[in-house]
Amino acid sequence: MRRTRDHYNFAFLDEGSKREIRRCVLKAVAIPGYQVPFGSRELPIGRGWGTGGIQLTLSLIGKEDILKVIDQGSDESVNAVNIKKFVSLCTDVKTTTQTREATLIQTRHRIPEIPLHNEQILIVQVPLPEPLRRVEPREEITKIMHAEKEYAPIWLQLYESIIKYKKVTIPSEYPCMIEGRYMMNPSPIPKFDNPKLHKSECLYLFGAGREKKIYAVPPYTEAVSLAFEDIPFEKESFAGKQCHICGSKAAYLDEIFDSVTGELFYQCSDTSYCREVKLEHAQAKTCI
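The model shown is predicted, which means the values in this text are computed figures rather than measured ones. (Residues numbered from 1 in each chain as written. Predicted model: local features only at pLDDT ≥ 70, side-chain atom pairs only at ≥ 80, totals over all residues. Heavy atoms only, no water.)

**Let's talk about the pattern of salt bridges**
Thinking step 1. Within this structure, the stated rule accounts for 15 salt bridges.
Thinking step 2. Linked through salt bridges whose partners overlap, the residues forming this network are Lys68, Asp75, Glu76 and Arg275. (Salt bridge = Lys/Arg side-chain N within 4 Å of Asp/Glu carboxyl O.)

Shown next, in the form of structure tokens:
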């Protein structure tokens with residue numbers, strides 16, 4: 001490992017590139033929800049692997065950091081394992097699967113169930129940062145719409161969904177207003193995770209490598225999911241269901257079908273949370 005590390009600069013990127021990305025991060029933190037353009041670098045990783053999030057991680061990570069990488073909540077997926085391996089080879093930093101232990105967390109499509117604290121940074125991989133793209137394909141027009149706070153087309157889309165289906169049918173990338181000013185796409189996280197953005201203690205950073213955008217939700221920032229006064233925002237409900245491993249009823253659950261037995265069961269998407277709850281139950285039984 002050490003021999004491989006010596007062939008590269010610390011965290012792979014050159015220092016100039018990391019400084020430029022950190023300057024963009026500072027601007028993104030100063031203007032919550034605003035998409036800051038940045039010079040996205042080439043990485044030895046294929047498109048769709050979260051190059052924007054990886055560049056943020058490589059630019060912010062220090063020798064004393066503890067890194068955790070998750071994909072859809074799992075520490076063991078191909079995406080998570082290989083990104084963690086890549087960063088580890090270029091930095092020799094400590095890695096972990098425990099949410100509470102990590103100082104820097106990179107994620108794809110989920111926010112951990114365990115509440116994050118002020119000394120942690122959550123970096124989200126984003127494929128499409130523009131919340132207005134579904135109603136306006138032209139970049140120059142979406143910039144004007146953000147500048148003028150012209151979000152009527154998105155509200156109209158929500159209204160049409162309610163008229164047609166009696167509810168808002170957006171399952172992920174559910175838009176939210178940041179500090180009452182900028183509309184933001186929270187990435188393909190399920191809308192179950194949207195409330196975690198509101199007044200959170202940790203810093204959320206969003207990186208889109210292909211679109212070359214960085215944006216942020218700083219600690220204690222107002223992040224409100226779009227909803228009408230008479231039809232409030234609703235996240236996914238797992239009423240009557242529980243994780244078959246730890247028994248949790250409060251977490252986001254994945255539906256799993258066993259093709260051998262034909263059985264349908266549910267499991268916590270967040271593997272770290274699942275392990276923690278299972279351990280707590282085991283310790284409680286031991287005490288009894």
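**A few points about the environment of Ile178**
Thinking step 1. Tracing the sequence through the fold places Ile178 in strand β6 (residues 176-178).
Thinking step 2. Note on Ile178: relative accessible area 0%, which makes it buried.
Thinking step 3. Along the backbone, Ile178 and Pro32 are 146 residues apart, and their C-alpha atoms lie at a distance of 6.4 Å.
Thinking step 4. With sequence-adjacent residues up to four places away left out, Ile178 is seen in contact with Pro32, Gly33, Met184, Val217, Thr221, Glu222 and Ala223. (Helix = DSSP H or I, 4+ residues; strand = E, 2+ residues; numbered from the N terminus. Buried < 20%, exposed > 50% of the residue type's maximum accessible area, 1.4 Å probe, protein only. Contact = heavy atoms within 4.5 Å.)

**Side note on unusual backbone geometry**
Thinking step 1. Here the phi dihedral of Lys166 falls at roughly 70°; this positive angle occurs in a residue that is not glycine.
Thinking step 2. Within the fold, Lys166 resides in the loop between α6 (152-165) and β6.
Thinking step 3. Positive phi, normally seen in glycine, also occurs at Lys212, with a value near 60°.
Thinking step 4. Checked against the element boundaries, Lys212 lands in the loop between β8 (203-208) and β9 (213-217).
Thinking step 5. Since its relative accessible area comes to 45%, Lys212 is described here as partly exposed.

**Some details on the sheet that holds β8**
Thinking step 1. Strand order in the open sheet formed by seven strands is β1-β9-β8-β5-β4-β2-β3, with mixed pairing between adjacent strands. For this open sheet the edge positions go to β1 (36-37) and β3 (94-95), each flanked by a neighbour on one side alone.
Thinking step 2. Alignment of β8 against β9, held across five bridges, turns out to be antiparallel. Following the sheet pairing, Gly207 is matched in β9 by Ile214. (Pairing = 2+ DSSP bridges.)

**Overview of the state of the cysteines**
Thinking step 1. Under the defined criterion, the tally for this structure stands at zero disulfides.
Thinking step 2. A disulfide-free cysteine, Cys176 has its sulfur positioned 14 Å from the sulfur of Cys202, the nearest such atom.
Thinking step 3. Here Cys246 is not disulfide-linked; the sulfur of Cys268 is the nearest cysteine sulfur, at 3.6 Å. (Disulfide = S-S within 2.5 Å.)

**A look at the packing of aromatic side chains**
Thinking step 1. The final tally for this structure, using the stated rule, is eight aromatic pairs.
Thinking step 2. Centre to centre, the rings of Tyr34 and Tyr182 are 5.6 Å apart; their planes meet at 55°, and the pair counts as tilted. Pair noted here: Tyr34 is in the loop between α2 (15-30) and β1 and Tyr182 is in strand β7 (residues 182-184), with a separation of 148 residues, a long-range link.
Thinking step 3. Accessibility expressed as a relative area gives 27% for Tyr34, which makes it partly exposed.
Thinking step 4. Members of the aromatic cluster, each reached through a chain of ring pairs, are Phe192, Phe238 and Tyr252.
Thinking step 5. The ring of Phe10 carries Lys63 above its face, with NZ or CZ at 5.9 Å from the centroid.
Thinking step 6. Positioned over the ring face of Tyr182 is Arg181, at 4.2 Å from the centre of the ring. (Phe/Tyr/Trp six-rings, centres within 6.5 Å; stacked < 30°, edge-to-face > 60°. Lys NZ or Arg CZ within 6 Å of the ring centre and 35° of its normal.)

**Re the packing of α2 against helix α3 (residues 51-60)**
Thinking step 1. Interaxial distance between α2 and α3 falls to 9 Å at its minimum, and their mutual angle equals 105°. As summarised for this structure, α2 and α3 are arranged roughly perpendicular, according to the angle between their axes. Residue-level contacts link Lys18, Ile21, Arg22 and Val25 of α2 to Gln55, Leu56, Leu58, Ser59 and Leu60 of α3.
Thinking step 2. Residue classes in the contact of α2 with α3 are distributed as five nonpolar, two polar and two charged. (Axes fitted to C-alpha atoms, helices over the stretch in contact; angles between N-to-C directions. Parallel < 35°, antiparallel > 145°, perpendicular 65-115°, else oblique. Nonpolar A, V, L, I, M, F, W, Y, C, P; charged D, E, K, R; others polar.)

**Digging into the nonpolar core**
Thinking step 1. Counting residues in each nonpolar core, the largest one holds 29 residues, and the members touching the most others are Leu58, Ile61 and Ile214.
Thinking step 2. Of all the secondary structure elements, the ones that give two or more residues to this core are α2, α3, β2 (66-71), α4 (78-91), β8 and β9.
Thinking step 3. No other element matches α4, which puts five residues into this core.
Thinking step 4. Residues contacting Ile61, with those up to four places away along its chain left out, are Phe10, Ala11, Leu67, Val87, Thr91, Val93 and Leu104.
Thinking step 5. By size, the runner-up hydrophobic cluster in this structure holds 19 residues, among which are Ile105, Val126, Ile178 and Tyr215. (Core = buried A, V, L, I, M, F, W, Y, C linked by side-chain atoms within 4.5 Å.)

**Things to note about the side chain of Lys84**
Thinking step 1. In this fold, Lys84 is placed in helix α4.
Thinking step 2. If near-sequence neighbours (up to four positions away) are discounted, Lys84 is found in contact with Val69, Asp75, Thr95, Thr96 and Thr97.

None of the figures reported here should be taken as evidence of function without further support.
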